[in-house]
Amino acid sequence: MKAVTTLISAALLTSALSAEARLSSPAESRGYAACFDAAAEALPGLVAKRDYFISKSDEGNTYFINGTAWQGDARTDVRVYCETAPNGRKLSNVRTSEGRFALANGMATDTIAAK
């Protein structure tokens, strides 16, 4: 019985992990690139983490990107927030600030791996 419980737990964990992360679609990649390029103008030496978060709706996509940038002589954690059209071609909002994004329980986003 313990082996069956362990097997079921492992299967559930595997399916939960695979549902969270996936490669970005072409539209998501365009939006990510537009977001990153706009943020890089404001943040010297911006380096984004490989994974980012995205919230999708009919009106557009919202990107949540963690990274680091130069603040004086030190690298600092930064977060980038952007909104784009669903196809990723039109960037409508960009905000940057110090810190990191962390997902709240129940937040409807996907974790995306940048290409």
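Everything here concerns the structure above.
Keep in mind that this is a model prediction, so the values were computed, not measured.

Draft legend 1. Up close: the packing of aromatic side chains. Counting across every chain of the model gives five aromatic pairs. Aromatic pair tyrosine 52 and tyrosine 63: ring centres 5.8 Å apart, planes at 35 degrees, arrangement tilted. Linking tyrosine 52 in strand β3 (residues 51-56) with tyrosine 63 in strand β4 (residues 61-71), this pair joins segments that are eleven residues apart in sequence. Seen from the ring of tryptophan 70, arginine 75 lies directly overhead, with NZ or CZ sitting 4.9 Å from the centre. Here the guanidinium or amino end of arginine 95 rests over the ring plane of tyrosine 81, the centre of that ring lying 4.2 Å away.

Draft legend 2. The side chain of threonine 68, seen in detail. If you trace the backbone, threonine 68 turns up in strand β4. For threonine 68, the side chain forms a polar contact with the side chain of arginine 75, separated by 2.7 Å. If sequence neighbours within four positions are ignored, threonine 68 has contacts with Gly45, Leu46, Val47, Arg75, Thr76, Asp77 and Val78.

Each value, and the rule that gives it
The numbers attached to residues start from 1 for each chain and follow its sequence in the written order. Totals for whole chains, interfaces and linings use all residues, but because this is a predicted model, local features are given only for residues with pLDDT of at least 70 and pairs of side-chain atoms are given and counted only at 80 or more. For side-chain calculations, the full set of non-hydrogen atoms in the structure is used, while hydrogens and water are omitted. Aromatic rings from Phe, Tyr and Trp, with only the six-membered ring used for Trp, were paired whenever their centres fell within 6.5 Å, and each pair was classed as stacked if the ring planes differed by under 30 degrees, edge-to-face if by over 60, and tilted otherwise. Strands are runs of DSSP state E lasting at least two residues, helices are runs of H or I lasting at least four, and both sets are numbered from the N terminus onward. For a lysine, the NZ atom is tested; for an arginine, the CZ atom; a charge sits over a ring if that atom is within 6 Å of the ring centre and within 35 degrees of the ring normal. A 3.5 Å cut-off defines polar contacts: any pair of N or O atoms within that distance qualifies, except that in protein one atom must be a possible hydrogen donor and the other a possible acceptor, and neighbouring residues in sequence count only when both atoms are side-chain atoms. Should any heavy atoms of two residues lie within 4.5 Å, those residues are counted as being in contact.

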